[in-house]
Each structure stands twice: as C-alpha cells, then as structure tokens.
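Spelled out, the chains give:
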Amino acid sequence: MTSVALLGTGLMGLPMGRNLARAGLRVSVWNRTRDKALPLEADGAVVAHSPAEAVEGADVILTMLSDGDAVHDAVTAAAPVLRAGQVWAQMSTVGLAATDRLAALADRHGLTYVDAPVQGTRQPAEQGKLVILASGPDTAQEALEPVFGALGQRTLWLGPAGAGTRLKMATVSYGISLTAVVAESLSLAQGLGLDPDLVRQVVTGGPMDSAYFQAKAKAILEGDFTPSFTVRNAEKDTRLIHEAGAAVGVRLDVVAAAGERFRRAEAQGHGEEDMAATYFASFD
Ligand code: NA7
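Values in this document were obtained by computation on a predicted structure and should not be read as measured data.

(A) Quick look at the pattern of salt bridges. Counted under the stated rule, the structure contains 14 salt bridges. The residue E235 makes a salt bridge to R239 at a minimum N-O spacing of 2.9 Å. Of the two residues, E235 and R239 are both situated in helix α10 (residues 231-247); the distance of 4 residues between them amounts to about one turn of the helix. Between R263 and E235 there is a salt bridge, with the nearest N and O atoms lying 2.5 Å from each other.

(B) Layout of the sheet that holds strand β7 (residues 118-119). On the basis of which strands lie adjacent, the open sheet formed by 3 strands has the order β7-β8-β9 and mixed pairing. Taken across any chain shown, the strands that pair with only one partner, and hence form the sheet edges, are β7 and β9 (152-157). Relative to β9, strand β8 (residues 130-134) runs parallel, the two sharing 5 bridges. Note that in β9 the partner of L130 across the bridge is G152. Helix α6 (residues 141-151) rests against β8 and β9 of the sheet, and its axis sits at about 145° to β9.

(C) Spatial organisation of the sheet that holds strand β5 (residues 87-90). Taking strand neighbours across the sheet as the criterion, the 6 strands line up as β3-β2-β1-β4-β5-β6 in an open arrangement whose pairing is parallel. Edge positions in the sheet fall to β3 (46-47) and β6 (112-115), since each has one partner strand and no second. Bridge count for strand β1 (residues 3-7) against strand β2 (residues 26-30) is 5 bridges, and the pairing is parallel. Following the sheet pairing, A5 is matched in β2 by S28.

(D) Structural detail: helix α7 (residues 163-191). Taking 1.5 Å as the rise per residue, α7 with 29 residues should run 42 Å; its terminal C-alpha atoms sit 42 Å apart, in good agreement. Just past α7, the residue G193 takes up positive phi, approximately 85°.

(E) Up close: the layout of surface pockets. Considering only enclosed or pocket space, the second largest pocket measures out at about 160 Å³ in volume. Lining of the second largest pocket is provided by Y174, L178, V181, V182, S185, V199, V203, M208, D209, S210 and F213. Where the lining of the second largest pocket is concerned, the elements lending two or more residues are α7 and α8 (197-203). No other element matches α7, which puts 5 residues into the lining of the second largest pocket.

Rules used in this analysis
- Residues numbered from 1 in each chain as written.
- Predicted model: local features only at pLDDT ≥ 70, side-chain atom pairs only at ≥ 80, totals over all residues.
- Heavy atoms only, no water.
- Salt bridge = Lys/Arg side-chain N within 4 Å of Asp/Glu carboxyl O.
- Helix = DSSP H or I, 4+ residues; strand = E, 2+ residues; numbered from the N terminus.
- Pairing = 2+ DSSP bridges.
- Contact = heavy atoms within 4.5 Å.
- Axes fitted to C-alpha atoms, helices over the stretch in contact; angles between N-to-C directions.
- Expected span 1.5 Å × (residues − 1).
- 1 Å grid on protein atoms, 1.4 Å probe; cavity = no way out; pocket = protein on both sides within 12 Å on 5 of 7 lines; lining within 4 Å.
- Points joined across faces, edges and corners; volume = space filled by probe spheres on them.

Shown next, in the form of structure tokens:
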C-alpha cells in the first residue's frame, strides 16, 4: 500500500487528505495549525506534530501550502528524515521562480521532484475531480498513479518539472480574470440602478454562460462568500502570473487589473472570503 505524507490541510489540502485516506492509502498529514488537520483522524489519517514526523518513511510526499516559502520551510524542517528516492509532488501554486528553487531543494536531498499544481478549487478537491498538471520524471508516474487517482479526474503529464507550473499560470489567469469580470459586470448593473440578477438572466443559456460564471454570480447575488478560493490567494496568484508573463515578455493587462481589485478587496477586509468578493472592490 502506498504511504503518503501530506503537508498542508487548508481549504484544498483537507479534502485532498480525506480522499487519499478514503481511497485506502496510508496517510499522514501535517498542518501548521494542527487543529485544522484533526478532522482527518476520523478518515483514518495520522495527524503528525511536525513535517518530519509526517514525512518519515512515506513513499510519496505532497505539499499543498500557500506559497513557495511555506513549502520550502516545511520540507527543510523534514530534512533529517528525508531519504533518497522518495517522490515529492509539489501541488501548491508557487510560480516559476519558487518551482526552480524547490526542485533544487529536492535535488539536494535526492528526492524525485514532480511539479504538479492542480486546476480546481475546494469543490473539485472535495469531489476528487481536480485536474492535475503533472510534470517530472517518468519514473515517478507509477508511485503517483494511486495518489493522483484519488485526488483528480484527470492527470496531464506534461514533460520535465516546471511545465505543470507554466500551464497553471496560464489556466489560473483565465479563472481569476473571469471572476473579476463577473464581479465588474454585476456591480456595474447594480451601480446603474438595475437588479444585478438581470445580468445572470441574460447570460444564462447563451454563449457567454459557463459553470464558472454561474458559481461566481451566485456567490455575489446571494452574498455568500464562503471561500472556495480566497481573495488573498487569488491576489498572490495575480502576482505570480504577472511575473511569469514579464519573464517571457508577454503583456498581461487584465490580470494586473484583477490584482488591483483583489488588493482593494483585501484592504476592505475581504481577504479570507471567496475571490468573488472582488465584487466589493467596485465600490468605495
Ligand atoms: P489555504 O486554505 O489558504 O491554506 C493554506 C495552507 O498553507 C494552510 O495549510 C496553512 O496553514 C499553510 N501555511 C500558510 N503559511 C504557512 C507557513 N508560513 N508555514 C506553514 N504553513 C503555512 O489555501 P488553499 O488550500 O486554498 O490553497 C493551497 C495552495 O493551492 C495555494 O498555493 C493556492 O494558491 C493553491 P494554517 O492552516 O494557516 O496553519
């Protein structure tokens, strides 16, 4: 039976850990705030007190933490028990520079590094329907098959490590920009003295409709900003996307504007709400 150590049980990591345990894998988890990981004990996971305790002896290590520094620190904290040949699938969205730095860290410890960010937020994570953008050595695929199978509906193997994060930058740019424009469209209707639900009625069933439009419009119209993906993490992603574009000379005006909106929403106190709360950034 494959043993998996999962570092990070936030909005994404918690349901991922649950799906791994329910698939019959041997799961140990660590989270900085231990209480947030404890519900996984009911699913059969062991909740470790430190990254080292979680990682020791695991076949596969998964990281799902907010940024490159958090991932670097957690894996470095586990360094004394890391052993050559362990497969590390780094699934957080950390951007291009951090991906290189983490690959070098893996190399120093003889870990097989797989750069595997995911497309999908909390609900697909709960349903085991993430799309996994995997990149790394072919030799890691066998060990990861049951792991990715429990987490996702599809795994795309994209070539050498780094390709997953590059694709993630492109796809997350779409999701984030879409959220910002749904919020702008509804808030403009509101500002113009209309019921913003009229926008939903016009779009529904037409060529501009999508599950994503419906989800974000519903959150805004119902005022339910229970996070699937927080404003704070979306703002972080806009910076990573912007850096990725700048590094290769691709101009990304829309994502920069979305970043401004998320920063404003954060300053208004909406940082821990769903990114649909960028709606509030339309109003002073
Ligand atoms: P969340 O719900 O914001 O969870 C973030 C996780 O990262 C959570 O486990 C945090 O622990 C952990 N974290 C944050 N900072 C640190 C530091 N400095 N050290 C250790 N652990 C830390 O994000 P999501 O689950 O929605 O998304 C996770 C990743 O996927 C992220 O890269 C997204 O962009 C995509 P805490 O519970 O706060 O103690």
